[in-house]
Amino acid sequence: MTVEGSPDRFTETRPMEYSGQNQTTTQAKCCSPSLKVFIGLLAFCFFTKSLTGAYTKSTISQIERRFEIPSSTVGIIDGSFEMGNLLVITVVSYFGAKFHRPKIIGAGVLLMGIGTLIMALPHFIMSRYMYDTAAAHTNDPANFTMSSTFSSDTQNTVQQLVSGCLKGEVESSPTWVIVLFGNILRGIGEAGIGPLGMSFIDDYARPGNSAFYIGCLHTFGVIGPIFGYSLGSLCASLYVDIGLVDQESVTITPQDSRWVGAWWLGYVVSGLLTLLAALPLWFLPRALPENPQTSKAYHPSNEHKHTLSITEIAKDFWPSIKHLLTNRIYLLYLVSSVLAFNAFAITITYTPKYLEQQFGQSASKTNFLIGVISIPAVALGMFVSGWIMKRFKLGLLGSARLVFFTSVTSLVCIIPYFALSCENIDVAGVTVPYQRSIELQDISCDLLNSCNADCGCPDFLWDPVCGQNGVTYISPCHAGCNSSWGTRQNMTFHGCTCIQSWGLTSGNSSAVLGQCPRESSCTKMFYIYLALQSLAFFVYCLGTVPFFLISLRYCLICGIPAPICFGALIDMTCLKWGQNKCGGRGACRMYDIETFRYLFLGLVSSLQAFSYTLLWIFTTQIKRKVQNDEQMSKDIELQYPVLCDTEQENYVK
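Predicted model, so just to flag it, every value in this text is computed and none were measured. (Residues numbered from 1 in each chain as written. Predicted model: local features only at pLDDT ≥ 70, side-chain atom pairs only at ≥ 80, totals over all residues. Heavy atoms only, no water.)

Trainee: Outline helix H14 (residues 328–359), listing residues and values.
Mentor: With 32 residues, H14 extends 44 Å between its outermost C-alpha atoms, agreeing within 8% with the 46 Å of an ideal straight helix rising 1.5 Å per residue. At Tyr-350, H14 shows its largest bend, some 55°, and a proline, Pro-352, comes one to four positions later. Counting buried positions along H14 yields 25 of 32 residues, so the element is predominantly enclosed. (Helix = DSSP H or I, 4+ residues; strand = E, 2+ residues; numbered from the N terminus. Expected span 1.5 Å × (residues − 1). Bend = angle between axes of the 7 residues up to and from the residue. Buried < 20%, exposed > 50% of the residue type's maximum accessible area, 1.4 Å probe, protein only.)

Trainee: Quick rundown of the pattern of salt bridges? Include the residues and the values.
Mentor: What the rule picks out here adds up to 7 salt bridges. In this structure, Asp-256 and Arg-258 form a salt bridge, with 2.9 Å as the shortest nitrogen-oxygen distance. The burial state of Asp-256 is the same as that of Arg-258; both residues are buried. For Arg-258, the salt bridge is made with Asp-463, and the minimal N-O distance between the two is 2.9 Å. Placement of Arg-258 in the loop between helix H10 (207–237) and helix H11 (263–278) and of Asp-463 in the loop between helix H16 (396–412) and strand S2 (465–467) is noted, with a sequence separation of 205 residues between them. Overall, Asp-463 belongs to the buried group, its relative accessible area being 0%. Among the ionic contacts, a cluster of salt bridges with common partners joins Asp-256, Arg-258 and Asp-463. (Salt bridge = Lys/Arg side-chain N within 4 Å of Asp/Glu carboxyl O.)

Trainee: An account of the confidence of the model for the protein chain is requested, with residue identities and associated values reported.
Mentor: As a note on interpretation, predicted positions should not be read in detail where pLDDT is low. On average, residues of the protein chain score 77 in pLDDT, and 74% of them are at 70 or above. At the level of individual helices and strands, the protein chain shows its lowest average pLDDT in helix H1 (residues 25–31), which scores 37, and its highest in H11, which scores 94. Within the model, the stretch residues 294–305 combines pLDDT values under 50 with 29 contacts to residues more than four positions away or in other chains. Between residues 440–444, whose pLDDT stays under 50, and residues either more than four places distant or in other chains, the model counts 6 contacts. (pLDDT = per-residue confidence, 0-100. Contact = heavy atoms within 4.5 Å.)

Trainee: So what about the side chain of Thr-347? Which residues, and what values?
Mentor: With respect to the secondary-structure elements, Thr-347 resides in helix H14. Ignoring any residue separated from it by four or fewer positions in sequence, one finds Thr-347 in contact with Phe-537, Phe-600 and Val-604.

Trainee: Give me the lowdown on the side chain of Thr-175, citing residues and values where you can.
Mentor: With respect to the helices and strands, the residue Thr-175 is situated in the loop between helix H7 (147–167) and helix H8 (176–190). Exposure remark for Thr-175: the relative accessible area of 10% places this residue in the buried category. Beyond its immediate sequence surroundings of up to four residues, Thr-175 is in contact with Phe-67, Pro-122 and Met-126.

Trainee: Tell me about the packing of helix H15 (residues 363–392) against helix H18 (residues 521–541), residues and numbers included.
Mentor: As a packed pair, H15 and H18 sit with axes 7 Å apart at the nearest point and diverge in direction by 25°. Between H15 and H18, the angle falls in the class roughly parallel. H15 and H18 meet at a crossing whose hand is right-handed. By residue class, the composition of the contact of H15 with H18 is 14 nonpolar, 7 polar and 1 charged. (Axes fitted to C-alpha atoms, helices over the stretch in contact; angles between N-to-C directions. Parallel < 35°, antiparallel > 145°, perpendicular 65-115°, else oblique. Left-handed = near helix turned anticlockwise from the far one by under 90°. Nonpolar A, V, L, I, M, F, W, Y, C, P; charged D, E, K, R; others polar.)

Trainee: Describe helix H9 (residues 193–204), listing the residues and the values that go with them.
Mentor: For H9, spanning 12 residues, the distance from its first C-alpha to its last is 17 Å, which sits close to the expected 16 Å at 1.5 Å a residue. Looking at H9, one finds that the buried residues are Ile-193, Gly-194, Pro-195, Leu-196, Gly-197, Met-198, Ser-199, Phe-200, Ile-201, Asp-202, Asp-203 and Tyr-204.

Trainee: Residues and numbers for unusual backbone geometry, please.
Mentor: Non-glycine residue Glu-68 carries a positive phi angle of around 50°. Overall, the relative accessible area of 13% leaves Glu-68 in the buried class.

Trainee: Quick one: what's the story with the state of the cysteines, residue by residue and with numbers?
Mentor: Counted by the stated rule, this structure contains 6 disulfides. Note that Cys-451 is cross-linked by a disulfide to Cys-498, the S-S spacing being 1.9 Å. The sign of the 90° torsion about the S-S bond sets the Cys-451-Cys-498 disulfide as right-handed. Here the residue Cys-451 occupies a position in the loop between H16 and S2, and Cys-498 occupies one in helix H17 (residues 497–500), the gap between them amounting to 47 residues. (Disulfide = S-S within 2.5 Å.)

Trainee: Just give me the short version of the environment of Ser-385, but keep the residues and values in it.
Mentor: With respect to the secondary-structure elements, Ser-385 resides in helix H15. The class for Ser-385 is buried, based on a relative accessible area of 0%. The spacing of Ser-385 and Gly-543 is 158 residues in sequence and 6.0 Å in space, taken between C-alpha atoms.

As structure tokens, then:
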């Protein structure tokens, strides 16, 4: 990128000295890549890694259902990226800056690509996705009695599944560990991209333009999630075993809690893109041509004159760590950053799942709208943040004040979220009684009632049907239906005794496949929530570049405990669990969305409030330090005026 009011920063280089030939400046200029080339390649790396990261967030619910695991386990998978990052980030950031940074970044991007492809591997070694459905037992469109047949077929299916687990015919190994391992590799590979890339830009960019370049870089990086969530939306709309099964035989829709999209497809696409991004970095030189306009005492090009050994580099490693950990102001900011990052990790990890459960939206629609509404607001906020730093030339104190102001403002934007809610859907035996006359407080969690006691319905079954009374039943068996008509998604069930017990006549006691729709106001509140979230993201990201400038470019243990702990809290709100193929507890089919809402919003806002309190203390400490430094400078000028004038003249010269 060309600096305003000046020629290209690296158009003049020294003649190349070999074979006694006089190489022209033009030849050297053509052979030497400039800073803008490195920024362009690094921006593509940021694009691919952020695309994969966003796609991973969009597949949280898909992975949970495919592997029949609880949210706490999914939280471990999500947090494994930070775990891998934590393993090497300190070493890579410190030692990597002393060696060939472009190649180290390229090796990390290559490892990220391999890890991404490994995350898709379980799909190719697992059997086809199976889900319980009454439609599987009713392929004949003619009327038939199903109460006893349905029960016996279901019991036989369970026996076959359990037998398969014992015989090894059905996979019982935790194949989700492969996804975990791939995500760890992604975290290891990503560790050096940010710190080494930022330090490379800092070394070769003018101090006044460094913040602007970083803002532009992160803006390009935020474009990745737009494509990541869009890719997640596309893959979520496709059935997981696309190409292997007849799509017309699939009886569930993307709105169903059993639906699993083609989660693996996006990892293949993003993995190949990441591998492509790694290749050009291997052909960049260790250092760029020295620029006389760069007013920094240290030039990385001097590294060629004396290459330090590992021992010489390592001897200053632990003293540097000790110096950081004994800095009270830095520790205060570090704790504040940990809390803020964990709140942000909860937000970006579980927002798609929250919107799906709270407003009854499909994963495909949720991911698409997040990608086209919320993420552009983040990109715009980051770009404006870099412009603010360049325009007003904010120092350390100004940066801290900007971060505090934008953070508190974004916290205020969260308050209306608590009012944007929907009611739990009416599910017989779970949220409402089987009979209308029973009081709400007398509801028990028993899924069996006198109207379906003779049907022998298994408790684990989840194949919801919507009765004409507007109540959802967890299966046709639990609705007491004794006959059906049609096939697949067009199937209807009749003679449902539990619907009749609601007070309807026998002619109005039918049900159709799927849950009953939510109230129409849910969709309206869904769009209002997205609009407010976009505003909050924009305001929060206005402090992004200042945050990077006053931090160490990374935050240890940030984002690791939050997804895991919050995933366990989400599991506590589950009202109806599914069952995996081997008889154990599977993924949750229905949540108490009111409790879910208070946990999600309450925990995020509490972490942010505590973090911003520490940030305010940090800002006051910075202000006090700046005032003390200014007073000390004035005292020195009063005591040694001649010396100060001489140093100032030398500095100007």
